[in-house]
Amino acid sequence: MNTGLRITTFAAALAATFGAAYGVGQGVGPVVADSPPKHEGEHTRPAPAGEKGGHAGHDTPPAGGLQISEGGYALDLRTPRVTAGEPADLRFTVRDADGRAVTAYQREHDKELHLIVASRDLVTYRHLHPTRAADGTWSTPVDLPRAGGYRVFADFTPAGKDAENLTLGADLAASGSYRARQLPPESSTARVDGYEVRLTGALRPGKASELKLTVFRDGKPVTDLQPYLGAYGHLVALRSGDLAYLHVHPNGEPGDGTTRPGPDISFTATAPSSGAYRLFLDFKHDGKVNTAAFTVRAGGAAPGSGTPEGHADDGHGH
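One structure accompanies this document, and this report is about it.

Calculation notes
- Residues numbered from 1 in each chain as written.
- Predicted model: local features only at pLDDT ≥ 70, side-chain atom pairs only at ≥ 80, totals over all residues.
- Heavy atoms only, no water.
- Phe/Tyr/Trp six-rings, centres within 6.5 Å; stacked < 30°, edge-to-face > 60°.
- Helix = DSSP H or I, 4+ residues; strand = E, 2+ residues; numbered from the N terminus.
- Lys NZ or Arg CZ within 6 Å of the ring centre and 35° of its normal.
- Salt bridge = Lys/Arg side-chain N within 4 Å of Asp/Glu carboxyl O.
- Buried < 20%, exposed > 50% of the residue type's maximum accessible area, 1.4 Å probe, protein only.
- Pairing = 2+ DSSP bridges.
- Polar contact = N/O pair within 3.5 Å; in protein donor to acceptor, adjacent residues only side chain to side chain.
- Core = buried A, V, L, I, M, F, W, Y, C linked by side-chain atoms within 4.5 Å.
- Contact = heavy atoms within 4.5 Å.

## Overview of the packing of aromatic side chains
Here comes step 1: Under the counting rule described, the total for this entry stands at seven aromatic pairs.
Here comes step 2: Ring geometry for Tyr73 versus Phe156: centroids 6.4 Å apart, planes at 75 degrees, classification edge-to-face. In this pair, Tyr73 sits in strand S2 (residues 73-77) while Phe156 sits in strand S9 (residues 148-156), placing the two residues 83 residues apart along the sequence.
Here comes step 3: Measuring from centroid to centroid gives 5.4 Å for Tyr195 and Phe283, while their planes differ by 80 degrees, and the two rings are edge-to-face. Separated by 88 residues along the polypeptide, Tyr195 in strand S12 (residues 195-200) and Phe283 in strand S18 (residues 275-285) bring together distant segments of the chain.
Here comes step 4: Here the guanidinium or amino end of Arg198 rests over the ring plane of Phe216, the centre of that ring lying 3.9 Å away.

Okay, structure coming up:
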């Protein structure tokens, strides 16, 4: 793996101080919490050998996206730098333990691979669906609005009967004049493109809990949400600081006989630790995908300052 992609976060901060782009930050090791139970629809996987939770030595699933390689697979980001405000073609390859490009995947939620790009300040968020060439190279257009450090997450399951779902992460730099931004303040309501989404429930460290998101438009509940990626909603949670990745899915799916197309979308999630998290909900209505964003805290008090509430910065990026 090209070690040039793993520049320290300290170097990134220095670059930002001088008005340049962030450098590419180095991912930190997985942070684990008290043994959270597995829930249907939630992406979890066994902890590495020897890694235990905080109570009674139980195995716990590590936070995702903190490592560029795991389980014999590695994320080879071929485009480590882009220019802020300019369209670019983001290219990457997933490689196996022998260094070969992976060309066979299991389809999950209508896609072989889900790609998330998020800024280090968790203000800008993109959920992208790249295309794969025959040689295993993935590519997708991307246009990042601001200079700074970003994290790229590849969420996939290789083909194979016993294959585990993986989320690999790599750092991306967007060059340009950088201005630091604070984490948006905690809020239980998000507004995006005429919709209002209300969040009830709490994200708990080391404990599974329900998060319910209710969609309104013009003050009225939306009861005709459209399926998106095989569900009525798609939720990603990122931990502030190291951008640990938690990918959850709704409780129920279209066509199961019990799940209604709104206004409520229910999820079960477990935070890997206490701290501030940013939640990004994708939902589809009237043929358009919207992203509502929330800042929440798992345990402890809420963050008290930052940019206005409501939505992922500068659009969804589909």
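## Some words on the pattern of salt bridges
Here comes step 1: Within this structure, the stated rule accounts for eleven salt bridges.
Here comes step 2: Here Glu196 ties to Arg191 by a salt bridge, and the two come within 3.4 Å at their closest N and O atoms.
Here comes step 3: Glu196 sits in the buried class, given a relative accessible area of 18%.
Here comes step 4: Among the ionic contacts, a cluster of salt bridges with common partners joins Asp96, Asp98 and Arg100.

## Here we look at the pairing of strand S15 (residues 234-239)
Here comes step 1: Burial analysis of S15 places six of its six residues in the buried class, the great majority of the element.
Here comes step 2: Here S15 shows a buried face lined by His234, Val236 and Leu238 and a second buried face lined by Leu235, Ala237 and Arg239.
Here comes step 3: Pairing geometry for S15 and S18, over six bridges, is antiparallel. Across the sheet, Leu235 pairs through a bridge with Leu281, a residue of S18.

## Quick look at the sheet that holds strand S4 (residues 88-95)
Here comes step 1: In space, the five strands of this open sheet follow the order S1-S2-S4-S8-S7, with antiparallel pairing throughout. Two strands lie at the open edges of the sheet, namely strand S1 (69-70) and strand S7 (131-132), each paired on one side alone.
Here comes step 2: One ladder, built from four bridges, connects S2 with S4; its direction is antiparallel. Within the sheet, the bridge partner assigned to Ala74 lies in S4 and is Arg95.

## Here's the deal with the pairing of S18
Here comes step 1: The buried count for S18 comes to ten of eleven residues, which makes it a mostly enclosed element.
Here comes step 2: In this antiparallel pair of consecutive strands, S18 and strand S19 (residues 288-298), the connection spans two residues, and Asp286 shows a positive phi of 55 degrees.

## Some points on the side chain of His285
Here comes step 1: The residue His285 is located in strand S18 in this model.
Here comes step 2: Residue His285 is classed as buried on the basis of its relative accessible area of 6%.
Here comes step 3: A polar contact is formed between the side chain of His285 and the side chain of Tyr195, at a distance of 2.7 Å.

## Points about the nonpolar core
Within soluble globular proteins, side chains that are nonpolar tend to cluster in buried spots.
Here comes step 1: Val197, Leu203, Val215, Leu279, Leu281, Phe283 and Phe294 are the most contacted members of the largest nonpolar core, which has 28 residues in total.
Here comes step 2: Elements that contribute at least two residues to this core include exactly strand S11 (189-192), S12, strand S13 (209-217), S15, strand S16 (245-248), strand S17 (264-269), S18 and S19.
Here comes step 3: Excluding its chain neighbours within four sequence positions, the residues that come into contact with Val197 are Ser188, Thr189, Ala190, Leu213, Thr214, Val215, Leu281, Phe283, Ala292 and Phe294.

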